[in-house]
Amino acid sequence: MGEDRAEHRVRSGIDPAADPYQDLDMFQQPPPSSDAAADLIATARGRRFGTILADPPWQFQNRTGKVAPEHKRLNRYGTMTLDDICALPVAQISAEPAHLYLWVPNALLPEGLRVMEAWGYRYISNIVWHKVRKDGGSDGRGVGFYFRNVTELLLFGVRGKNARTLPPGRSQVNLIASRKREHSRKPDEQYRIIEECSWGPRLEMFSRGTRRGWTVWGNQADEDYKPSWDTYGYNSAAVAAE
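Only a predicted model underlies this, so the values are computations on that prediction, with no experimental measurement involved.

(A) Focus on the pairing of strand S6 (residues 202-205). Side chains Arg202 and Glu204 project from S6 onto one buried face, and the interleaved Leu203 and Met205 project onto a second face that is buried too. Pairing of strand S1 (residues 49-54) with S6 involves four bridges; the strand directions are parallel. Among the inter-strand pairings, Thr51 is bridged to a residue of S6, identified as Arg202. In this sheet, strand S7 (residues 214-217) lies alongside S6 in parallel orientation, the contact comprising four bridges. Residue Arg202 lies in a different strand from S7, and its bridge partner there is Trp214.

(B) Quick peek at the pattern of salt bridges. Applying the stated criterion across every chain yields a total of nine salt bridges. Across the pair Arg114 and Asp83 runs a salt bridge whose closest N-O atoms are separated by 2.8 Å. In this pair, Arg114 is assigned in helix H3 (residues 109-118) and Asp83 in helix H2 (residues 82-86), connecting sequence segments 31 residues apart. Put simply, Lys186 and Glu152 hold a salt bridge, and the shortest N to O gap is 3.7 Å. Of this pair, Lys186 sits in the loop between strand S5 (175-178) and helix H4 (189-197) while Glu152 sits in strand S4 (residues 151-159); the two residues are 34 residues apart in sequence, bridging distant segments of the chain. Judged by relative accessible area, which is 1%, Glu152 ranks as buried. One network of salt bridges, with partners in common, ties together Asp55, Lys131, Glu152 and Lys186.

(C) View of unusual backbone geometry. The step from Glu96 to Pro97 runs through a cis peptide bond, and the omega angle for that step is 5°. In this model, Gly200 is joined to Pro201 through a cis peptide bond whose omega is -5°. Relative to the elements of secondary structure, Pro201 occurs in the loop between H4 and S6. Positioned with a positive phi, Arg45 is a non-glycine residue whose angle comes to about 50°. When you line up the elements, Arg45 lands in the loop between helix H1 (33-44) and S1.

(D) Fine view of the side chain of Ser207. Here Ser207 lies in the loop between S6 and S7. A polar contact is formed between the side chain of Ser207 and the backbone oxygen of Gly209, at a distance of 2.8 Å.

(E) Local environment of the packing of aromatic side chains. Per the stated rule, a full pass over the model turns up four aromatic pairs. Summarising the aromatic geometry, the rings of Tyr101 and Phe156 are spaced 5.1 Å apart at their centres and angled 55° between planes, so their arrangement reads as tilted. Here Tyr101 is found in strand S2 (residues 94-104), whereas its partner Phe156 is found in strand S4, with 55 residues between them in sequence. The exposure class assigned to Phe156 is buried, which follows from its relative accessible area of 10%. Ring centres of Phe206 and Trp217 lie 5.2 Å apart, and the angle between their planes is 65°; on these two criteria the pair is classed as edge-to-face. With Phe206 in the loop between S6 and S7 and Trp217 in strand S7, this pair connects stretches of sequence that are 11 residues apart. Each member of the pair Phe206 and Trp217 is classed as buried.

(F) The pairing of S5, seen in detail. What you see with S5 is a clean split: Ile176 and Ser178 sit on the buried side and Leu175 and Ala177 on the side with no burial. One ladder, built from four bridges, connects strand S3 (residues 122-131) with S5; its direction is parallel. Paired with Lys131 across the two strands is Ser178, which belongs to S5.

(G) Geometry of a nonpolar patch on the surface. Where nonpolar side chains cluster on the molecular surface, the patch consists of Leu109, Leu113 and Tyr123 and spans about 230 Å² of accessible area. The topology assignment puts Tyr123 in strand S3.

(H) Examining H4 more closely. Among all positions of H4, only Gln190, Tyr191, Ile193, Ile194 and Cys197 are buried. For H4, the angular spread of the buried residues around the axis is 165°, confining them to a single face.

(I) Spatial organisation of the sheet that holds S7. Ordered by their spatial adjacency, seven strands build an open sheet running S5-S3-S4-S2-S1-S6-S7, and the pairing between neighbours is mixed. Whereas interior strands pair on both sides, the edge strands pair on one side only; in this sheet they are S5 and S7. Taking the axes of each pair of neighbouring strands and ignoring which way they run, one obtains an average angle of 20° across the sheet. Against the sheet, H3 contacts S2, S3 and S4, and its axis sits at roughly 25° relative to S4.

What counts as what
Residues numbered from 1 in each chain as written. Predicted model: local features only at pLDDT ≥ 70, side-chain atom pairs only at ≥ 80, totals over all residues. Heavy atoms only, no water. Buried < 20%, exposed > 50% of the residue type's maximum accessible area, 1.4 Å probe, protein only. Helix = DSSP H or I, 4+ residues; strand = E, 2+ residues; numbered from the N terminus. Pairing = 2+ DSSP bridges. Salt bridge = Lys/Arg side-chain N within 4 Å of Asp/Glu carboxyl O. Polar contact = N/O pair within 3.5 Å; in protein donor to acceptor, adjacent residues only side chain to side chain. Phe/Tyr/Trp six-rings, centres within 6.5 Å; stacked < 30°, edge-to-face > 60°. Patch = residues over 30% accessible without salt bridge, like charges linked within 9 Å, V, L, I, M, F, W, Y side chains within 5 Å. Areas by Shrake-Rupley, 256 points an atom, 1.4 Å probe, with all protein chains shown as cover. Arc of directions from axis to C-beta. Axes fitted to C-alpha atoms, helices over the stretch in contact; angles between N-to-C directions. Contact = heavy atoms within 4.5 Å.

Structure follows, in structure tokens:
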């Protein structure tokens, strides 16, 4: 999920008037872990995927280990515990060899690596999403206690032998520079990179909407997905639902 959710961990003092996402109430709670596992297996329909893209609904915790208080704009944002994410039967639906692309907030990098291992993958590298303004400069509206976050990480892992990326991957830089969309939505540029560098069949977990040539799974993985809240002015509903 989006790095903006690091706000769960700190009281950053950001002016709410500068926050384009305040007072959102748009996400469904994810299903219980057992139901999620069964539904994921059912979605696979016996297939094993050569490429999996996942953007889990990470749950932030404070220093005491308790679930961190959520910002008012995220008070209905469904999350899953780390154990529940790790328990998803991703290995059962993965081919060999296979590639995994896993979005993780900067603050939860160790947890992201744990999930990757639990799903049967070995960490290799990452792709950095640099969030930029219209003029190309860093979009400093992110949050963070130590630094103002303007990046998110897409971890890349492999399983099996002969799992090197396809030829276009040898010249693909590991950086995406693009503007934000609605809260936590990841850049569409990721799909071109993944489709050129990794083979099918392809699965997107925790997807928003559908995509031609992909199997999609999640509470918002349907053709009718559209953001039902105010988002950035350059994001029309039509564009956001692509």
